[in-house]
Amino acid sequence: DKSLLTWVTDTQKAAKTGDVTLTMQDTGGTAVQTWVFGDAFPIRWSGPHIESGGAYIAIETVEITHSGLKVQ
């Protein structure tokens, strides 16, 4: 799913903020925790960092600035 990449590039091009909802899911796809960031704007993205030669997880980091956080 390219929705994160699309949000980061579109938001940075337009220099526009908006609310962003982030939902962590378990391996079965069930929502475990949800966070809502108010007036979110991405300021940094790094990764994916992948180590070769093993069964490792690719890790990406997104840093955002926001005006408030709600945990649902």
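See the structure shown above.
What counts and what doesn't
- Residues numbered from 1 in each chain as written.
- Predicted model: local features only at pLDDT ≥ 70, side-chain atom pairs only at ≥ 80, totals over all residues.
- Heavy atoms only, no water.
- Helix = DSSP H or I, 4+ residues; strand = E, 2+ residues; numbered from the N terminus.
- Rg over C-alpha atoms; globule rule 2.2 N^0.38 Å.
- Buried < 20%, exposed > 50% of the residue type's maximum accessible area, 1.4 Å probe, protein only.
- Contact = heavy atoms within 4.5 Å.
- Areas by Shrake-Rupley, 256 points an atom, 1.4 Å probe, with all protein chains shown as cover.
- Salt bridge = Lys/Arg side-chain N within 4 Å of Asp/Glu carboxyl O.
- 1 Å grid on protein atoms, 1.4 Å probe; cavity = no way out; pocket = protein on both sides within 12 Å on 5 of 7 lines; lining within 4 Å.
- Points joined across faces, edges and corners; volume = space filled by probe spheres on them.
- Nonpolar A, V, L, I, M, F, W, Y, C, P; charged D, E, K, R; others polar.
- Expected span 1.5 Å × (residues − 1).

### Points about the overall build of the chain
Right, so step 1: When helices and strands are counted, the chain shows one helix and four strands.
Right, so step 2: Ordered by position from N to C terminus, the α and β elements of the chain give α-β-β-β-β.
Right, so step 3: Here the C-alpha atoms of the chain give a radius of gyration of 14 Å, more than 25% beyond the 11 Å that 2.2 N^0.38 yields for 72 residues.
Right, so step 4: Principal axes of the C-alpha set define a box for the chain whose edges measure 40 × 30 × 20 Å.
Right, so step 5: Counting every position in the chain, which comprises 72 residues, the buried fraction comes to 12%.
Right, so step 6: Partitioning the contacts of the chain with sequence separation of at least 6, the portion at a separation of at least 24 is 44%.
Right, so step 7: When the accessible surface of the chain is totalled, it reaches about 5600 Å², and 53% of it is carbon and sulfur.

### What about the pattern of salt bridges?
Right, so step 1: Inspection of the entire model under this criterion finds one salt bridge.
Right, so step 2: A salt bridge links Glu63 to Arg44, with the nearest nitrogen and oxygen atoms 3.2 Å apart. Pair noted here: Glu63 is in strand E3 (residues 59-65) and Arg44 is in strand E2 (residues 31-49), with a separation of 19 residues, a long-range link.
Right, so step 3: For Arg44, a relative accessible area of 52% translates into the label exposed.

### Observations concerning the side chain of Thr11
Right, so step 1: Mapping Thr11 onto the fold places it in helix H1 (residues 3-14).
Right, so step 2: Discounting chain neighbours no more than four positions away, the residues touching Thr11 are Lys16, Ala40, Phe41 and Pro42.

### Some points on the layout of surface pockets
Right, so step 1: The space that makes up the largest pocket amounts to roughly 270 Å³.
Right, so step 2: Among the residues forming the lining of the largest pocket, the class breakdown is seven nonpolar, two polar and no charged.

### Some words on the environment of Gln72
Right, so step 1: For Gln72, the position within the fold is in the segment after strand E4 (68-71).
Right, so step 2: For the pair formed by Gln72 and Val36, sequence separation is 36 residues and the distance between their alpha carbons is 7.7 Å.
Right, so step 3: Leave out the neighbours within four places in its chain, and Gln72 touches Gln33, Thr34 and Val36.

### Quick look at the environment of Ala15
Right, so step 1: Among the structural elements, Ala15 can be located in the loop between H1 and strand E1 (18-25).
Right, so step 2: Under the relative-accessibility criterion, Ala15 is labelled exposed at 61%.
Right, so step 3: For the pair Ala15 and Trp35, spaced 20 residues apart in sequence, the C-alpha separation works out to 22 Å.

### Here we look at H1
Right, so step 1: A rise of 1.5 Å per residue sets the reference length of H1, with its 12 residues, at 16 Å; its end C-alpha atoms lie 16 Å apart and thus fit the reference within 8%.
Right, so step 2: Just past H1, the residue Ala15 takes up positive phi, approximately 50°.

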